[in-house]
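Residue-level listing of the chains:
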Amino acid sequence: MPFQERTIFLFYAVVFVPFLCLAVTMMLGALLGPPGTGERRRAWGAAGVVAIIALIAWNFLYFHPILTGETIGRSAWLDRMWFSTWT
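## Describing the overall build of the chain
A tally of regular secondary structure across the chain gives three helices and zero strands. By residue count, 11% of the 87 residues in the chain fall in the buried class.

What follows is the structure in structure tokens.
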């Protein structure tokens, strides 16, 4: 992290993707609750799971033009650069 002005090779993070997917799946299962819990608890858990999945999908769709190398306008590009070191 002290070298944010340098190129960072993100392909090293690929090995973490399966474990990240498993961790998110386990978190969503824990949020949903065990099968023996009441209907109210499961309903709130299901609402939380849907909200988290919707946020993940929105984040993917928001960054999709950058991830796929599509041509976008300068203002759209700057909107997606959340940190000054990303530009």
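## Concerning the environment of Trp-77
With respect to the secondary-structure elements, Trp-77 resides in helix α3 (residues 74–80). Residues Trp-77 and Phe-63 lie 14 residues apart in sequence; the distance between their C-alpha atoms is 9.7 Å. The residues touching Trp-77, leaving out its near neighbours within four places in the chain, are Ile-66 and Ile-72.

## Looking at the packing of helix α1 (residues 17–32) against helix α2 (residues 39–68)
At a minimum axis distance of 7 Å, the contact between α1 and α2 shows a crossing angle of 150 degrees. Judged by the inter-axis angle, α1 sits roughly antiparallel to α2. Of α2, the residues touching α1 (which contributes Val-24, Met-27, Leu-28, Ala-30, Leu-31 and Leu-32) are Arg-41, Arg-42, Gly-45, Ala-46, Gly-48, Val-49, Ile-52, Ile-53 and Ile-56. Grouping the amino acids of the contact of α1 with α2 by side-chain chemistry returns 11 nonpolar, two polar and two charged.

## Quick notes on the side chain of Arg-80
Its place among the elements puts Arg-80 in helix α3. Reaching out from Arg-80, the side chain makes a polar contact with the backbone oxygen of Ala-76 at a distance of 3.0 Å. Not counting chain neighbours up to four residues away, the residues in contact with Arg-80 comprise Tyr-62, Phe-63, Pro-65, Ile-66, Ile-72 and Trp-86.

## Observations concerning the packing of aromatic side chains
All told, the structure shown has four aromatic pairs when counted by the stated rule. Plain terms: the ring middles of Trp-58 and Tyr-62 are 5.0 Å apart, the flat faces sit at 15 degrees to each other, and that makes the pair stacked. Here Trp-58 pairs with Tyr-62, and both are found in helix α2, just four residues apart, close to one helical turn. Taken together, a centroid distance of 5.0 Å and an interplanar angle of 70 degrees make the contact between Phe-63 and Trp-82 edge-to-face. Of this pair, Phe-63 sits in helix α2 while Trp-82 sits in the segment after α3, and the two are 19 residues apart along the sequence. For the cation-ring pair, Arg-80 lies above Tyr-62, with the distance from its terminal atom to the ring centre recorded as 4.4 Å.

## What about the environment of Val-24?
Mapped onto the secondary structure, Val-24 falls in helix α1. Overall, the relative accessible area of 27% leaves Val-24 in the partly exposed class.

## Some words on α2
Between the first and last C-alpha of α2 there are 42 Å, a value that for 30 residues agrees with the 44 Å anticipated at 1.5 Å per step. Along α2, the sharpest kink reaches roughly 40 degrees, centred on Tyr-62 and followed within four residues by the proline Pro-65. Looking at α2, one finds that the buried residues are Gly-45, Gly-48, Val-49, Tyr-62, Phe-63 and Pro-65. Residues of α2 that are buried make contact with α1 and α3. Positive phi shows up at Gly-69, right after α2, with a value of about 75 degrees.

Each value, and the rule that gives it
Residues numbered from 1 in each chain as written. Predicted model: local features only at pLDDT ≥ 70, side-chain atom pairs only at ≥ 80, totals over all residues. Heavy atoms only, no water. Helix = DSSP H or I, 4+ residues; strand = E, 2+ residues; numbered from the N terminus. Buried < 20%, exposed > 50% of the residue type's maximum accessible area, 1.4 Å probe, protein only. Contact = heavy atoms within 4.5 Å. Axes fitted to C-alpha atoms, helices over the stretch in contact; angles between N-to-C directions. Parallel < 35°, antiparallel > 145°, perpendicular 65-115°, else oblique. Nonpolar A, V, L, I, M, F, W, Y, C, P; charged D, E, K, R; others polar. Polar contact = N/O pair within 3.5 Å; in protein donor to acceptor, adjacent residues only side chain to side chain. Phe/Tyr/Trp six-rings, centres within 6.5 Å; stacked < 30°, edge-to-face > 60°. Lys NZ or Arg CZ within 6 Å of the ring centre and 35° of its normal. Expected span 1.5 Å × (residues − 1). Bend = angle between axes of the 7 residues up to and from the residue.

Just distances and angles here, no functional claims.
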